[in-house]
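Architecture at a glance
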Amino acid sequence: MRTHHFSAGILVAALAAGLPTGSWADDQADFEKAMTAAREARKKAATVGGEWRDIGKFLKQAEQAAAKGDFATANQLAEKARRQGELGYEQAMSQKDVGLPAYMIAGSK
Amino acid sequence: MNKIIMLTAALVMVLGLTWGGVALATPQADQAIWQSYYQKRFPNVPKEDFINGVYAIDPVSRESWEAIEEFPPYEMAISQGEKMWNTPFANGKTYRDCFPNGPAIAGKYPYWDKERGMVVTLPLAINECREANGEGPLKYKKGPIADILSYLRYQSRGQLTKVEIPEDDPKALEAYEKGKQFYFARRGQLNFSCANCHVQNPGNLLRSDILSPALGHTTHFPVYRSKWGEIGTLHRRFSGCNKQVRAKPFKVQGEEYRNLEYFLTYMQNGLPLNGPGARK
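Residues numbered from 1 in each chain as written. Chains lettered and ligands numbered in written order. Predicted model: local features only at pLDDT ≥ 70, side-chain atom pairs only at ≥ 80, totals over all residues.

Attention shifts here to the domain arrangement of chain B. Residues and elements named next belong to chain B. Taken domain by domain, chain B holds domain 1 (24-72 + 166-279) and domain 2 (75-155). For domain 1 versus domain 2, the separation of C-alpha centres amounts to 22 Å. Looking at the side of domain 1 that touches domain 2, the elements with two or more residues in it are α8 (170-184), β8 (230-232), α10 (234-244) and α11 (255-267). Per-element tally for the side of domain 1 that touches domain 2: the top contributor is α11, with 5 residues. For the side of domain 1 that touches domain 2, a count of residues per class yields 10 nonpolar, 7 polar and 6 charged. (Domains from an automatic or database assignment. Helix = DSSP H or I, 4+ residues; strand = E, 2+ residues; numbered from the N terminus. Nonpolar A, V, L, I, M, F, W, Y, C, P; charged D, E, K, R; others polar.)

Okay, the nonpolar core next. Ranked by size, the top nonpolar core spans 59 residues in total, and within it B:L122, B:Y183, B:L260, B:Y262 and B:F263 carry the most contacts. For this core, the two domains that each supply at least three residues are domain 1 (24-72 + 166-279) and domain 2 (75-155) of chain B. Setting aside residues up to four positions removed in sequence, B:F263 forms contacts with B:Y176, B:G179, B:K180 and B:Y183. By size, the runner-up hydrophobic cluster in this structure holds 19 residues, among which are A:A34, A:A45, A:I55 and A:Y89. (Core = buried A, V, L, I, M, F, W, Y, C linked by C-beta atoms within 7 Å. Buried ≥ 20, exposed ≤ 12 C-beta atoms within 10 Å, placed from the backbone. Contact = placed C-beta atoms within 7 Å.)

Right, let's get into the interface of chain A and chain B. If you look at the interface, chain A gives 19 residues, while chain B gives 25 residues. Classifying every residue of the side of chain A that touches chain B by side-chain character gives 7 nonpolar, 8 polar and 4 charged.

All names here are of chain B. What the 3 strands build is an open sheet, ordered β8-β7-β9; its pairing is mixed. Edge positions in the sheet fall to β8 and β9 (277-279), since each has one partner strand and no second. This sheet shows a mean twist of 35 degrees between the axes of neighbouring strands, independent of strand direction. (Pairing = 2+ DSSP bridges. Axes fitted to C-alpha atoms, helices over the stretch in contact; angles between N-to-C directions.)

A word on the environment of B:T87. All names here are of chain B. If you trace the backbone, T87 turns up in the loop between α4 (75-86) and α5 (95-98). Its 9 C-beta neighbours within 10 Å are what place T87 among the exposed residues. Taking C-alpha positions, T87 is 29 Å from R116, a pair spaced 29 residues apart along the chain.

Set out below in C-alpha cells:
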C-alpha cells in the first residue's frame, strides 16, 4: 500500500515537473524509430534518383505533429514517408534499363 | 548454338545494323525512329512546324497563339538581354569576350566537352563566363538568365539544331544514354515518364490541355508561359514536369538535366531554332 502511494506520488511529481512519463517516452521512442526508418528509405531512394516529391514534406509534418504530442498522426506520416521512399527506390530500379518503347518503334514504320 | 546466336547478335550490335527489321539503339537510329514516329502520327504536319509545339497540331489554340505572337510577351526579355550582352562587367569585359562569335551562338549548345567529360549547356556557359569575370552566377530558372537567353536565342533563330555525340569518347554516349533513360523512366507517385505524355499521348487531353509532341520541344526555349506569367528556362520546365508527377525534381543545370537536355536536343537535330517562344 505504501509502495502504491509512493509510485503515484512520483508520477504526479513527474507530470507536474513536465518530465516524460513511461508512456510519453515510449511514444517518442517509437516515433524516433519510425522517423529513422523513413529517413533511411528516403536516402536509399535518392541514391538511385527515385525520391518522390512529398517525402520531405511528410517528414516535416511528422516532426511538427510529434512536437505537439500527436504521435498517432506523426507515426502515420513517418510511415507514409517510409513507404514512399521504398516505392520510389523500387520504381527507379525497375526503370533503370528503359529506352525507346516498342510502340514508338512500331509507330515509326 | 546459343553461342553462335549471341556472337551474331553482338556483331550486329557493334556494326549498328538491324535486327529483324528493328533498328538497334544507336543515337542515329533513335533519332530516325523519334522523328519518323511523329511524322507518321501527325502526317498532315510539316516536319518544321513541329517547332511550334502543340500549336502545330491544334488549330484552335494556334489561332490564339498567333494573335499573342503579334505582340510577343517575350519582347521585353529580349531587350533586357541585349542590354546585358552590351553592358560591361565590373572588370570592363563583356559577354562577347567569352563568346566571340556571339550573340548568335545558341545552335552550338548543348555540346559535349571532352576535356571536362560533361555536357555544357548555354545557361551553364553564361554563368561560367560571369564567374570567370568576377560576377556572381545567375539563378537558372527565370529572371536575368532567361533575359539573356532570350536575346541569344532570338539572335540564333533559324540556326539548325545540330547536337553531336563524338564517337571517339564513350563518355559522350554514356551521357546521351543517361538522358534517354531519364526521358523514358517512369517516376514520382503518379508513375509517369516524360514519354508517357509527350510520346505516347501527344494530341490527347490531359485535363483541359492538349499534350504537345516532343518533336521540337527544345527549339523554342526559353518560353513565356501564360501559366508562369513570365519567361522561364528549359530546366525550369523539366523541374516543373517532375513536380507534376510528384517526383522530387533534380538540381537545375545538374548532371541529370544536362544529360536530359543533351538527349532531347539531339532528337531534334535538323529542326530550326525559334526561341524564345510563347506557350500556354
